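Listed below are the residues making up each chain.
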Amino acid sequence: MKCKNVIGAIVAGGLMVSGAMAQDKPVVPAPAPAPTTPATPEPPASPIEAQAEPKLGVTSVDVKVGEGAKARVGSLVVVHLVGSIKGSVEIENTVITEKPVGIVLRSGLGGAPFPGLVPGISGMKVGGKRTINIPAAAAYGAKEVRVGNTTVPVNSDLVYEVELLDMMMVEELEVGTGAVCKPGTIVNAHYKGTFKSDGKEFDSSHSRGQPATFPLANVIKGWTEGVPGMRVGGKRKLTIPYQFAYGEAGRPPKIPAKSGLVFEIELIAAIDIIDEKIGEGAEVPHIGRGKPAPTVNVHYRGTLKDGGKQFDSSYDRGEPIEFPLDGVIQGRTYGIPGMKVGGKRRLIVPWQFAYGERGVGADIGPKADLIFDVELLGVR
């Protein structure tokens with residue numbers, strides 16, 4: 001190929017939507033309002049594929065058993081919380097403030113504010129109420145924290161009264177046969193959005209005649225958490241409480257305040273990520289809106305998926321290359337995060353995230369799917 005370094009080109013035509021929702025622009029690829037829980041730079045596995053977590057010494061008593069859907073680890077739940085330091089003062093009460101909160105039932109970034117809520121709420125059914133006793137080690141531990149107007153001293157045991165009001169529902173309409181969509185990646189999808197209250201449609205990629213392309217880090221929480229785990233070719237229905245959509249304010253003029261939404265999604269394309277060796281060094285962070293893109297140092301080899309012809313290789317040039325992840329094709333931008341230094345990964349990149357409908361140069365034709373074998377040497 002004449003171009004010395006193919007990965008330096010940026011895909012033209014990648015759809016990134018922001019600002020007001022014009023009639024001809026999709027609603028979904030837009031940031032939701034600041035969530036109640038911390039932001040998620042590294043979205044986890046899909047709720048339907050979540051793994052169990054330990055009980056952490058948490059005990060609970062059901063005051064009322066609900067009759068709705070059952071929450072489990074990985075579920076996106078909406079709850080009222082009345083929390084107290086055991087034998088002492090109340091630290092939060094969403095019943096009084098009339099502001100139920102949305103929580104992703106997992107520990108760590110983007111999840112519950114402290115680990116004990118995960119096993120404490122798991123197993124509840126919508127409509128249920130539960131008293132949860134949380135030992136200090138499963139709460140804030142040896143840290144003094146401020147919750148609302150109250151300071152929680154170090155090593156404080158907590159008691160929480162929880163009412164499970166709602167949760168996001170994930171329904172598989174059709175299981176695909178292609179690559180599995182990974183957390184934090186970029187997707188190409190058709191979708192239809194309707195209001196949960198009356199079924200009225202507010203947005204559809206089908207009406208525009210083309211699927212939308214967007215990174216999962218820059219969409220509403222319901223999509224960030226609900227799309228991973230889908231297979232290319234599959235269809236999924238997400239019923240999303242407003243806490244995981246556009247929040248209390250909504251997104252005027254199309255999305256009123258406190259709107260629960262329903263999306264039917266068809267996954268057209270996603271990057272297939274195959275880790276051939278897990279590194280042991282620093283990890284490349286996922287890219288989110290407003291965050292500077294990391295710079296990586298890699299060796300790589302690029303081949304065409306169809307026929308396997310090599311079109312570029314840093315190995316052949318005898319030296320690795322360093323580049324910021326916001327200056328390359330989208331398949332690299334969203335395929336490399338999550339790697340650790342010393343690791344090796346194969347990226348199978350659909351043309352939508354490579355060089356598009358036109359291709360580039362003499363070797364990469366129109367709508368060419370690509371394969372990159374990447375060895376991560378450094379990140380900063």
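Residues numbered from 1 in each chain as written. Predicted model: local features only at pLDDT ≥ 70, side-chain atom pairs only at ≥ 80, totals over all residues. Heavy atoms only, no water.

Before going further, it helps to examine the overall build of the chain. The helix and strand inventory of the chain stands at six helices and 20 strands. Per-residue burial for the chain yields a buried fraction of 52% across its 380 residues. For the chain, the accessible surface area stands at approximately 16900 Å², while carbon and sulfur atoms represent 51% of it. (Helix = DSSP H or I, 4+ residues; strand = E, 2+ residues; numbered from the N terminus. Buried < 20%, exposed > 50% of the residue type's maximum accessible area, 1.4 Å probe, protein only. Areas by Shrake-Rupley, 256 points an atom, 1.4 Å probe, with all protein chains shown as cover.)

Once that is clear, we can look at the packing of aromatic side chains. Considering all chains together, one arrives at 10 aromatic pairs under this definition. Ring geometry for Y191 versus W223: centroids 5.6 Å apart, planes at 85°, classification edge-to-face. With a gap of 32 residues between them, Y191 in strand β10 (residues 186–195) and W223 in helix α4 (residues 221–226) connect regions that are remote in the sequence. What makes W223 buried here is its relative accessible area of 0%. Residues F214 and W223 carry aromatic rings whose centres are separated by 5.2 Å and whose planes lie at 65° to one another, so their mutual orientation is edge-to-face. The ring of Y300 carries the charged tip of R332 above its face, separated from the ring centre by 4.6 Å. Against the face of F372 rests R332, its NZ or CZ located 4.1 Å from the ring centre. (Phe/Tyr/Trp six-rings, centres within 6.5 Å; stacked < 30°, edge-to-face > 60°. Lys NZ or Arg CZ within 6 Å of the ring centre and 35° of its normal.)

With that out of the way, let us pick up the pattern of salt bridges. Summed over the entire model, instances satisfying the criterion amount to 10 salt bridges. Note that R106 is salt-bridged to E225, the shortest N-O span being 3.1 Å. Separated by 119 residues along the polypeptide, R106 in the loop between β4 (101–104) and α2 (117–121) and E225 in helix α4 bring together distant segments of the chain. Taken as a pair, R106 and E225 share a single burial class, namely buried. Taking the shortest distance from any N to any O, the salt bridge between R317 and D312 comes out at 2.7 Å. (Salt bridge = Lys/Arg side-chain N within 4 Å of Asp/Glu carboxyl O.)

Right, let's talk about the environment of G288 for a bit. Take G288: it is sitting in the loop between β15 (272–277) and β16 (295–304). Through-space distance from the C-alpha of G288 to that of N218 is 6.4 Å; in sequence the pair is 70 residues apart.

Quick look at unusual backbone geometry now. For the bond running from P252 to P253, omega is 5°, close enough to zero to count as cis. Tracing the chain through its elements places P253 in the loop between β13 (235–240) and β14 (261–270). Of note in this structure, E98 is not a glycine but carries a positive phi near 60°. If you trace the backbone, E98 turns up in the loop between α1 (94–97) and β4. Non-glycine residue N155 carries a positive phi angle of around 55°. For N155, the location among the structural elements is in the loop between β7 (150–152) and β8 (158–167). Residue N155 is classed as exposed on the basis of its relative accessible area, which comes to 53%.

Another aspect to go through is the environment of P285. Positionally, P285 belongs in the loop between β15 and β16. Spatially, the C-alpha atom of P285 lies 9.8 Å from that of R380, the residues being 95 residues apart in sequence. Other than its neighbours up to four places away in sequence, P285 contacts P294 and P337. (Contact = heavy atoms within 4.5 Å.)

As for its position among the elements, N297 is in strand β16. For N297, a relative accessible area of 18% corresponds to the buried category. The residues contacting N297, other than those within four sequence positions of it, are P320, I321, E322, E375, L376, L377 and G378.

Take the confidence of the model for the chain next. Of the residues in the chain, 86% have a pLDDT of 70 or more, and the chain-wide mean is 88. Note on residues 1–26: pLDDT under 50 across the span, and 67 contacts to partners over four residues away in sequence or across chains. The low-confidence segment residues 28–52 (pLDDT under 50) makes 78 contacts with residues lying over four places distant or belonging to another chain. (pLDDT = per-residue confidence, 0-100.)

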